[in-house]
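# Coordinate analysis (summary)
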Amino acid sequence: MSQHQHKRISILGATGSIGQSTLDLIRRNSINFSVVSLTAYSRVEELAALAIEFGAELAVIGDERLLPDLKAALAGTRTAVAAGEGGLIEAAERDAEIVMAAIVGAAGLRPTMAAVRRGATVALANKECLVCAGDLLMEEVKAHGATLLPVDSEHNAIFQVFDFERSCGVEKIILTASGGPFRGRSFESLSTVTPAEAVAHPNWDMGAKISVDSATMMNKGLEIIEAYHLFPIEKTQIEVLVHPQSVIHSMVEYADGSVLAQLGSPDMRTPIAYSLAWPERMHAPVKRLSLAEIGSLTFEAPDLEVFRCLKLAMDAMMAGGAAPAVLNAANEVAVEAFLANRLRFVDIPAIVSDTLTSCDIKAPQSLSNVFEIDKMARREAAQHLAKRAH
Ligand code: NAD
Ligand code: MG
C-alpha cells in the first residue's frame, strides 16, 4: 500500500479477536487509516480506550444499559456515543470506505446489511450473516454495488486464487479444516469435555464461540454455506479436507487438474491485511512461513460420524430455504449453553438436529423474515435444551 493512500475504516466488533487484530494492523500503519466508528457489546472501558487511542468519530455500545458509562468514559473527547441496535446501524452507515464486520453471530446481520446498502467495501468476518441470510445479503451487494471481501481465512484464500473471469473452468473448491482440538477422538470419548478444553484450539487464537464451533466442526459447516454464497459455484462443488497444520488455507481445483492454493502461517492478520489493503498489499507482522521447519503437511477426510455438526450443516445447505438460518440459531443457543456449563459437548449436534426437525419453515423473503425464523428457532432450541440441559 502506498504511503499516500488513505482509507477511512469502521470496525463493528472492535473488542473481539478479529477487531483487535484489525486494530493492531491499523496501529502499525496509522498513516494509511483513520478510524470512523468502533463498536462493542459490553466492554465499555476497552471500547472507550480504543476510541481515544484511535480518535474515533463514533463509539457504540451494543448493550443500551451501558450508554451512561460510555458517555462518562468519553466525556470531553471528540468521540460521539450511541447504543443499541440503532447505534450499531449508525456506526455502519457512517461514511467509512471499509467496514470490518466482526460482530459474532446473527447479531451482526442488520449492521452489516446497513454497510452493504450504502455500497461500502465490507470486509466480512461475520460468517453467520451469510449463513442466515446469504441470498438476501448477496442480492443487496449486487443492487447497491457494494464490495464484499472475505476475511475468513479459507474464503480469503479462495478469493485470492479463484479465477472470477473464467469461473466455468473451476471444478471444485476445497475448504481445509484443522480438525480442531478433538480430531481423532471417538464420539463417546467427547461426552465429558469441558469448555476450557473445547476453546483451546491447536493453531488459531479466536473468540469463544468460533472456537467451540471449530471443536464441533460446525465452523466448517458454516463455512461451506458461506463459500456457496460468496463464490459462483454449485453446492456439489464444495469439499472439506482436514489438514491439521493449518498452512494451506484452502484450494481451488480447475478443469485441467491444476490446484491453486494460498498458504501462510495461521495468523488472521494475513487475511485481514489483505482485506484492508485490497486491491494492493500491505505489510503484516506475521511469522513468515518456513516449510522446511514444518517439514510435512498432512491431510485426511473429515469424520462425519464424530463431527455430526458438519454433516448437519452440509444437509442444511442442500435443503436450503430456512434450514441454514435454523441451524445457525440452534447452534448459537447450544454453544452458549455449553459455554455456561449447562449442556454437554456431545449434545450440541442433538439440539441442532432436534431444532431442524421441529422447525418447518419457508425460505425467508425479507430481512424481517430472517429475524422471525431466527427467533422461532431460538425458542424451539431453548425447549429442546430444557430437556437435555443439566
Ligand atoms: P469475539 O467473540 O472475539 O468478538 C465478537 C465481537 O462482537 C466483540 O467485539 C463483541 O463485543 C461483539 N458482539 C458480540 N455480541 C454482540 C451483540 N449481540 N451485539 C453487538 N456486538 C456484539 O469473536 P471473533 O472471534 O472476533 O469472531 C467475530 C466473527 O468473525 C465471528 O462471526 C467469527 O465466526 C468470525 N471469524 C473469526 C475468526 C477468528 O480468528 N477469531 C476467524 C474467522 C472468522
Ligand atoms: Mg475459517
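What you are looking at is a predicted structure, and each value in this text was computed from that prediction instead of being measured. (Residues numbered from 1 in each chain as written. Chains lettered and ligands numbered in written order. Predicted model: local features only at pLDDT ≥ 70, side-chain atom pairs only at ≥ 80, totals over all residues. Heavy atoms only, no water.)

Let us look at the overall build of the protein chain. Each helix and strand in the protein chain was counted, giving 16 helices and 11 strands. Relative to a compact globule of 390 residues, whose C-alpha radius of gyration would be 21 Å, the protein chain shows 20 Å and is just as compact. Taken along its principal axes, the extent of the C-alpha atoms in the protein chain is 55 × 50 × 40 Å. Considering only contacts in the protein chain between residues 6 or more positions apart, those separated by 24 or more positions represent 67%. Each charge class in the protein chain was averaged separately, 35 positive and 47 negative side chains, and the resulting centres sit 2 Å apart. (Helix = DSSP H or I, 4+ residues; strand = E, 2+ residues; numbered from the N terminus. Rg over C-alpha atoms; globule rule 2.2 N^0.38 Å. Contact = heavy atoms within 4.5 Å. Lys, Arg positive; Asp, Glu negative; His and termini not counted. Charge placed at Lys NZ, Arg CZ, Asp CG, Glu CD.)

This next bit is on the nonpolar core. Nonpolar side chains in soluble globular proteins generally cluster together in the buried interior. Residues Ile173, Phe231, Leu327 and Phe345 are the most contacted members of the largest nonpolar core, which totals 94 residues. Per element, the largest residue contribution to this core is 11 residues, and it comes from helix 14 (residues 323–339). In terms of domain composition, this core takes at least three residues from each of domain 1 (7–150) and domain 2 (169–265 + 303–388). In this structure, Ile173 is in contact with Ile158, Phe162, Ala227, Phe231, Ile233, Gln237, Ile238, Glu239, Met251 and Val252, ignoring residues within four places of it in sequence. Core analysis: the second largest hydrophobic core is formed by 40 residues, Leu25, Leu66, Ala125 and Ile272 among them. (Core = buried A, V, L, I, M, F, W, Y, C linked by side-chain atoms within 4.5 Å. Buried < 20%, exposed > 50% of the residue type's maximum accessible area, 1.4 Å probe, protein only. Domains from an automatic or database assignment.)

Right, let's talk about helix 9 (residues 208–216) for a bit. Among the 9 residues of helix 9, 7 are classified as buried, and the element is accordingly described as predominantly covered. Regarding helix 9, the residues found buried are Lys209, Ser211, Val212, Asp213, Ser214, Ala215 and Thr216. Of the surrounding elements, those touching the buried residues of helix 9 are helix 6 (127–144), helix 8 (195–199), helix 10 (218–230), helix 13 (308–319), helix 14 and helix 15 (348–358). Met217 sits one or two positions beyond helix 9 and adopts a positive phi of about 70°.

The accessible area lost on association of the parts is a frequent measure of interface size. By domain assignment, the protein chain separates into domain 1 (7–150) and domain 2 (169–265 + 303–388). Roughly 1,800 Å² is buried in total at the junction of domain 1 and domain 2, and carbon and sulfur atoms are behind 70% of that figure. Joining domain 1 to domain 2, the criterion identifies 5 residue pairs in polar contact (both at pLDDT 80 or more). Within the residue set of the side of domain 1 that touches domain 2, elements represented by two or more residues are helix 5 (109–117), helix 6 and strand 7 (147–150). In terms of residue count, the dominant contributor to the side of domain 1 that touches domain 2 is helix 6 (10 residues). Class assignment for the residues of the side of domain 1 that touches domain 2 results in 12 nonpolar, 3 polar and 5 charged. (Buried area = accessible area lost by both parts, 1.4 Å probe. Polar contact = N/O pair within 3.5 Å; in protein donor to acceptor, adjacent residues only side chain to side chain. Nonpolar A, V, L, I, M, F, W, Y, C, P; charged D, E, K, R; others polar.)

Our next topic: the coordination of the magnesium ion (ligand 2). Protein-derived ligands of the magnesium ion (ligand 2) are Asp152 (OD), Glu154 (OE) and Glu223 (OE), with the metal-ligand distances lying across 2.1 to 2.2 Å. Look at where the donors of the magnesium ion (ligand 2) fall in the sequence and you get D-x1-E-x68-E. In this pair, Glu154 is assigned in helix 7 (residues 153–161) and Glu223 in helix 10, connecting sequence segments 69 residues apart. Note on Glu223: relative accessible area 1%, which makes it buried. (Donors = N, O, S within 2.8 Å, 3.2 Å for Na, K, Ca; no water.)

If you trace the 4 strands from one edge of the open sheet to the other, you get 9-8-10-11, paired in mixed fashion. Among the strands making up the open sheet, the edge pair consists of strand 9 (238–242) and strand 11 (259–263). Strand-to-strand twist of the sheet, defined as the mean angle between neighbouring strand axes without regard to direction, takes the value 20°. In this sheet, strand 9 lies alongside strand 8 (residues 170–177) in parallel orientation, the contact comprising 5 bridges. In the strand pairing of strand 9, Leu175 is matched with Val240. This element, helix 7, spans strand 8, strand 10 (248–254) and strand 11 of the sheet and lies at about 40° to strand 10. (Pairing = 2+ DSSP bridges. Axes fitted to C-alpha atoms, helices over the stretch in contact; angles between N-to-C directions.)

Pairing between the strands of a sheet is mediated by backbone hydrogen bonds and can be parallel or antiparallel. Taken in spatial order, the 7 strands line up as 4-3-2-1-5-6-7 in an open sheet, and their pairing is parallel. Lying at the two open borders of the sheet, with one neighbouring strand each, are strand 4 (80–83) and strand 7. The mean inter-strand angle of the sheet, taken between neighbouring strand axes irrespective of direction, is 20°. Summarising the sheet, strand 1 (residues 7–12) and strand 2 (residues 33–40) pair through 4 bridges and their orientation is parallel. Note that in strand 2 the partner of Ile9 across the bridge is Val35. Sheet contacts for helix 11 (residues 269–277): strand 1, strand 2, strand 5 (98–101), strand 6 (121–124) and strand 7; angle to strand 1, the most-contacted strand, approximately 135°.

With 4 bridges joining them, strand 6 and strand 7 adopt parallel strand pairing. Each residue of the ladder has a partner; that of Thr121, found in strand 7, is Thr147. Considered for its hand, the β-α-β crossover made up of strand 6, helix 6 and strand 7 is right-handed. (Right-handed = clockwise from strand over helix to strand, strands pointing away.)

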